[in-house]
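If you want the building blocks of each chain, they are given just below.
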Amino acid sequence: MNYFRPPSLSLRFFPVWQRNFLVWRKLAIPSILGNLADPMIYMLGLGYGIGTLLPEVGGVPYIAFLAAGAVCFSTMNSATFEALYSAFSRMQVQKTWEAILNAPVSLDDLVLGELAWAASKAALSGAAILGVAAALGLVASPLALWSLPLVFLAGLTFAALGLVMTALAPSYDFFMYYFTLFVTPMTLLSGVFFPVEQLPAAFQALSAVLPLSHAVKLARPLFLGEVPAQAWLHIAVLAGYAVAAFWLALGLARRRLLK
Amino acid sequence: MDTLSVEGLRKSYGATAVLQGLTFALRPGECYGLLGPNGAGKTTTLRCALGLTQPDAGTIRLSGLPVPERAREARLRVGIVPQMDNLDPDFTAAENLLVYGRYFGMKERDMRERIPRLLEFAGLAGRADAKINTLSGGMKRRLTLARALVNDPDLLFLDEPTTGLDPQARHLIWERLKQLLAQGKTVLLTTHFMDEAERLCHRLGIMDRGRFIAEGSPREVIAAHIEPEVVEVYGEPGGAPAGPPQGGAAKDMEQAQPANEHHPLPREGGRGDGSLMSAADWAKAEAAQFATRVEVTGETAFCYLTESRPLLRHLAGRQGLRYLHRPANLEDVFLKLTGRDLRD
């Protein structure tokens, strides 16, 4: 059997999304607080702390520069944690996936449901940070509202990448590699905390292929009231990563679960 | 009504052939048992039948549809009780049923109407809002059975449904399965418990190493593969008098006759107050003249025979040996056909 055949998608993913939503709703308040606290601390702590030491970054106060980065960082983290730890629990520990696959839901529908759910949750995190940034007057114009579809797209991208790891993981410990070898370096190389132009040329070249830097390149101009340059290129890169990673994650999941 | 038919099923994992040309079909309304030691291929058979594993060869039809090509649609008419409970720990009992019903495309309103009846059937009427981790093992199994019924399936797959349950819980599950059979549902059951298979199954197949080694009704299988009576002989531990009440042995001997298949009467005899002889030594030296076949495991000799009276008479006069006389059952067949070695 060809495990890596194209995904066959249907609306049957929705009950899977609903299932995860129902669990989330029961734990919504601690979950939202947890999702918000970390990026808020980064944004406010670094923004006002380091910000007072810096004259301006990219022509704006540091905290205004950081706000867009924090939204993307928060979106990535939220999608990643959901697609790694939570999805792995459902697949491996609780056997929730096994129960769902006994019903008339295909693995393709199931993995799509997980993807859509992780992206939804990530978008909510991104939107919450956006709301805080707006309340603090860090957002220049209503153009920033375009970052709502952006965080959903970025959520799909990072959820799909996370699902690849989940489909490969023998245990939770495996996910540390993903964080230390991919997520953390990417965060530092993608212009979340400081402009990419500060980096040596080789790192800038590396940064150009990382999905997070494309999300930041879209979000930052929107926060500052500008239309992003080469917007379609950045969107295409994020979408390309999402599609390729979802396809790969599904193929790996088929190989793991349908053998 | 279309149920499940499987023909020439083959599946290998690497060099290990798990299924080697398995063929069987369920008749509508029957309970069919798949029996076999660990690793016989029971679970792989179920996975293939549901389209969750692609066989290397063979044809499968489930609910009238070819599998794996249209397995997803075929599963609309099937209910499954898996070997391990996989209820959603974050939900209540009722929410588990509601969420599962959605996977079948069931409407919210219909489900809300159905849930109380399903919980009632599972003996969980007052437990709609109970968290899963507050339920006992038996309750979880019954809730899993209720969950398998959310779509009112024609066909039920039960993978070792009573493993790990206490006798009360097992009997309740059996009662419910009988009710479902009476409603006309077809059941495919895998089990390690031969008494369960004898009790519930109209027909069964004993599998070993990926193929059937016996198939038929429990009575047919027993009649075809084994002598009708069994006398188990044990050494009396320590030589202490531990036999039945006075005169018991002699009385048993007089009444020894072909035992009733449905009401086995265990008969104990012998006295341990004399010289000691292990059952194994006795079996080696003397059992062959009375029994068609003798198997010794550890300190127990299993004597299979058609006429038990001479052996019982002989044993009544022996000191240091106890015995149990009973009709042959499915477990005897199973052990004869699949051997007594552990399958880990």
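Position numbers for residues count from 1 along each chain, tracking the sequence in the order it is written. To read the labels, note that chains go from A and ligands from 1, taken in the order they are written. Note on the predicted model: pLDDT of at least 70 is required for a residue's local features to be given, and 80 or more for side-chain atom pairs to be given and counted; whole-chain, interface and lining totals, by contrast, use all residues. Side-chain numbers come from the whole structure's heavy atoms, not from hydrogens or water.

## Some thoughts on the overall build of chain A
Our working rule: Only DSSP runs of H or I covering at least 4 residues are called helices, and only runs of E covering at least 2 are called strands; the numbering of each starts at the N terminus. With the radius of gyration taken over C-alpha atoms, the globule rule is written as 2.2 Å times the number of residues to the power 0.38. For the exposure calls, accessible area comes from a 1.4 Å probe over protein chains only, and a residue counts as buried if that area is under 20% of its type's maximum, exposed if over 50%, partly exposed in between. Two residues form a contact once any of their heavy atoms are found within 4.5 Å.
Secondary structure summary: chain A contains 10 helices and zero strands in total. In summary, chain A has a C-alpha radius of gyration of 19 Å against a globular reference of 18 Å for 259 residues, a match within 12%. Dimensions along the principal axes, computed over C-alpha positions, put chain A at roughly 60 × 40 × 30 Å. Put simply, chain A has 259 residues, and 55% of those count as buried. Put simply, of all contacts in chain A between residues at least 6 apart along the chain, 78% involve residues at least 24 apart.

## Considerations on the interface of chain A and chain B
Quick reminder of the rule: Buried area is a sum: the accessible area each of two parts loses on coming together, probed at 1.4 Å, counted once for each and added. Counted as salt bridges are all cases of a side-chain nitrogen of Lys or Arg within 4 Å of a carboxyl oxygen of Asp or Glu. The definition of a polar contact used here is a pair of N or O atoms within 3.5 Å, where within protein one atom must be able to donate a hydrogen and the other to accept one, and adjacent residues in sequence count solely through side-chain atom pairs. Note on residue categories: nonpolar means Ala, Val, Leu, Ile, Met, Phe, Trp, Tyr, Cys or Pro, charged means Asp, Glu, Lys or Arg, and polar means any other residue, Gly included.
Across the contact, 25 residues belong to chain A and 26 residues belong to chain B. Overall, the association of chain A and chain B removes approximately 2300 Å² of surface from exposure, summing both partners, and the carbon and sulfur fraction of that is 56%. Run the count over chain A and chain B and you get two salt bridges. The salt bridge involving Arg19 of chain A is made with Asp88 of chain B; its shortest N-O contact spans 2.4 Å. At the boundary of chain A and chain B, one finds 11 residue pairs in polar contact (both at pLDDT 80 or more). Per-element accounting of the side of chain A that touches chain B gives the leading share, seven residues, to helix 1 (residues 14-26) of chain A. In the side of chain A that touches chain B, the residues fall into 13 nonpolar, five polar and seven charged.

## Things to note about empty space enclosed by the protein
To keep it simple, the criterion reads: A cavity here means a set of points on a 1 Å grid, drawn over the protein atoms and nothing else, where a 1.4 Å probe fits but cannot get out; a pocket is an open set with protein on both sides within 12 Å along at least five of seven lines, and a residue lines either one if it has an atom within 4 Å of a point. Grid points are joined across faces, edges and corners, and a volume is the space filled by probe spheres set on the points.
Inspection of the entire model under this criterion finds three cavities of 30 Å³ or more. Considering only enclosed or pocket space, the largest cavity measures out at about 80 Å³ in volume. As for the largest cavity, its lining consists of Thr96, Ala99 and Ile100 of chain A together with Asn86, Leu87, Asp88, Asn96, Val99, Tyr100, Tyr103 and Arg147 of chain B. Element by element, the count of residues in the lining of the largest cavity is highest for helix 3 (residues 93-103) of chain B, at four residues.

## A few points about the nonpolar core
All names here are of chain B. Keep this limit in mind: What we call a nonpolar core is a set of buried Ala, Val, Leu, Ile, Met, Phe, Trp, Tyr and Cys residues that are connected through their side-chain atoms within 4.5 Å.
Among the nonpolar cores identified, the biggest contains 178 residues, and Leu4, Phe24 and Phe157 are the most heavily contacted of them. Beyond its immediate stretch of four places on either side in the chain, Phe24 contacts Leu4, Ser5, Val6, Tyr32, Leu34, Thr45, Leu188, Phe212 and Glu215. With 15 residues, the next largest nonpolar core counts Val233, Trp282, Ala283 and Leu315 among its residues.

## Topic: the packing of aromatic side chains
Aromatic ring pairs are reported here in terms of the distance separating the ring centres and the angle at which the planes meet. Residue and element names in this part refer to chain A. Keep this limit in mind: The aromatic pairing rule takes the rings of Phe, Tyr and Trp, using the six-membered ring of Trp, and pairs them if the centres are within 6.5 Å, calling planes under 30 degrees apart stacked, those over 60 edge-to-face and the rest tilted. As a reminder, the over-ring test applies to NZ of lysine and CZ of arginine, requiring each to be within 6 Å of the ring centre and within 35 degrees of the ring normal.
Tallied over the entire structure, the rule returns 24 aromatic pairs over all chains. Ring geometry for Phe14 against Trp17: centres 5.6 Å apart, planes inclined by 15°, an arrangement best described as stacked. Remark: Trp17 and Phe14 occur in helix 1; sequence separation between them is three residues, near one turn of the helix. Ring geometry for Tyr85 versus Tyr172: centroids 6.0 Å apart, planes at 10°, classification stacked. With a gap of 87 residues between them, Tyr85 in helix 3 (residues 62-93) and Tyr172 in the loop between helix 6 (147-168) and helix 7 (175-189) connect regions that are remote in the sequence. A relative accessible area of 31% means that Tyr172 is categorised as partly exposed. By the ring-pair criterion, three or more aromatic residues cluster together here, those being Phe81, Tyr85, Phe88, Tyr172, Phe175, Tyr178, Phe179 and Phe182. Sitting over the ring of Phe65, Arg220 keeps its end group 3.5 Å from the ring centre.

## Points about the confidence of the model for chain B
So the rule is basically this: Each residue carries a pLDDT score, the predictor's own confidence in it, on a scale running from 0 to 100.
Residue-level pLDDT values for chain B average 87, and 87% of them are 70 or greater. Per the prediction output, this complex has pTM 0.89; the corresponding ipTM is 0.92.

## Description of the pattern of salt bridges
According to the stated counting rule, one finds 21 salt bridges over all chains in the structure shown. Ionic pairing is found between Glu73 of chain B and Arg70 of chain B, a salt bridge with its closest N-O pair at 2.8 Å. As a salt-bridge pair, Arg293 of chain B and Glu295 of chain B come within 2.8 Å of each other at their nearest N and O atoms. Among the residues examined, Glu295 of chain B registers a relative accessible area of 16% and is labelled buried. Taken together, the shared-partner salt bridges in this structure form one network comprising Glu82, Arg90, Glu114 and Lys121 of chain A.

## Examining the layout of surface pockets
Empty space within the largest pocket amounts to approximately 660 Å³. In this structure, the largest pocket is lined by 24 residues; those nearest its centre are Glu98 and Leu257 of chain A together with Thr43, Arg47 and Leu52 of chain B. Mapped by element, the contributors of at least two residues to the lining of the largest pocket are helix 3, helix 4 (96-102) and helix 10 (231-257) of chain A together with helix 1 (42-50), strand 6 (78-81) and strand 7 (155-159) of chain B. Residue composition of the lining of the largest pocket, by class: 14 nonpolar, four polar and six charged.

## Considerations on the sheet that holds strand 10 (residues 211-216) of chain B
Residue and element names in this part refer to chain B. Quick reminder of the rule: Strands were regarded as paired on the criterion that DSSP finds at least two bridges between them. Angles run from 0 to 180 degrees between N-to-C directions of axes, and those axes are lines fitted to C-alpha atoms, restricted for helices to the stretch in contact.
The strand order across the open sheet formed by six strands is 6-7-8-3-9-10, and the pairing between neighbours is mixed. Where the open sheet ends on each side, the last strands, each with one partner, are strand 6 and strand 10. Put simply, the sheet's adjacent strands are angled 15° from each other on average, direction ignored. Of the strand pairs in this sheet, strand 3 (residues 31-35) and strand 9 (residues 203-208) are connected by four bridges, and their pairing is parallel.

## So, the environment of Gly126 of chain B
Inspection of the secondary structure puts Gly126 of chain B in the loop between helix 4 (108-121) and helix 5 (137-148). Sequence-wise, Gly126 of chain B and Val233 of chain B are 107 residues apart; in three dimensions their C-alpha atoms are separated by 49 Å.

## Details of the pairing of strand 2 (residues 16-25) of chain B
Residues and elements named next belong to chain B. Two strands pair when backbone bridges link them, and strand 1 (residues 4-13) and strand 2 are joined in this way by seven bridges, in the antiparallel orientation. Paired with Tyr13 across the bridge in strand 2 is Thr16. Counting the residues between successive antiparallel strands, the hairpin from strand 1 to strand 2 contains two residues, one of them, Gly14, with a positive phi of roughly 60°.

## With respect to the side chain of Glu82 of chain A
Looking at the element boundaries, Glu82 of chain A is found in helix 3. At 2.8 Å, the side chain of Glu82 of chain A forms a polar contact with the side chain of Trp117 of chain A.

## Section: unusual backbone geometry
Residues and elements named next belong to chain B. Along the chain, Val67 connects to Pro68 via a cis peptide bond; the corresponding omega equals 10°. With respect to the helices, strands and loops of the structure, Pro68 is situated in the loop between strand 5 (65-67) and helix 2 (71-74). Positive phi outside glycine occurs at Asp152, with the angle close to 45°. Its location among the elements puts Asp152 in the loop between helix 5 and strand 7. Phi is positive for Glu160, close to 50°, though the residue is something other than glycine. Assignment of secondary structure puts Glu160 in the loop between strand 7 and helix 6 (167-182).

## Some points on the state of the cysteines
Selection rule: Whenever a pair of cysteine sulfur atoms sits within 2.5 Å, that pair is classed as a disulfide.
Under the defined criterion, the tally for this structure stands at zero disulfides over all chains. The closest cysteine sulfur to the non-disulfide-bonded Cys31 of chain B is located on Cys201 of chain B, 4.0 Å from its own sulfur.

## Here we look at a nonpolar patch on the surface
Where we set the bar: To count toward a patch, a residue needs a relative accessible area above 30% and no salt bridge. Like charges then connect within 9 Å, nonpolar side chains (Val, Leu, Ile, Met, Phe, Trp, Tyr) within 5 Å. Using a 1.4 Å probe, accessible areas were evaluated by the Shrake-Rupley method; residue-level cover was limited to the displayed protein chains.
Residues Phe4, Val243, Trp247 and Leu248 of chain A make up a contiguous nonpolar surface patch of about 350 Å² in total accessible area. Residue class for Phe4 of chain A comes out partly exposed when judged on its relative accessible area of 33%.

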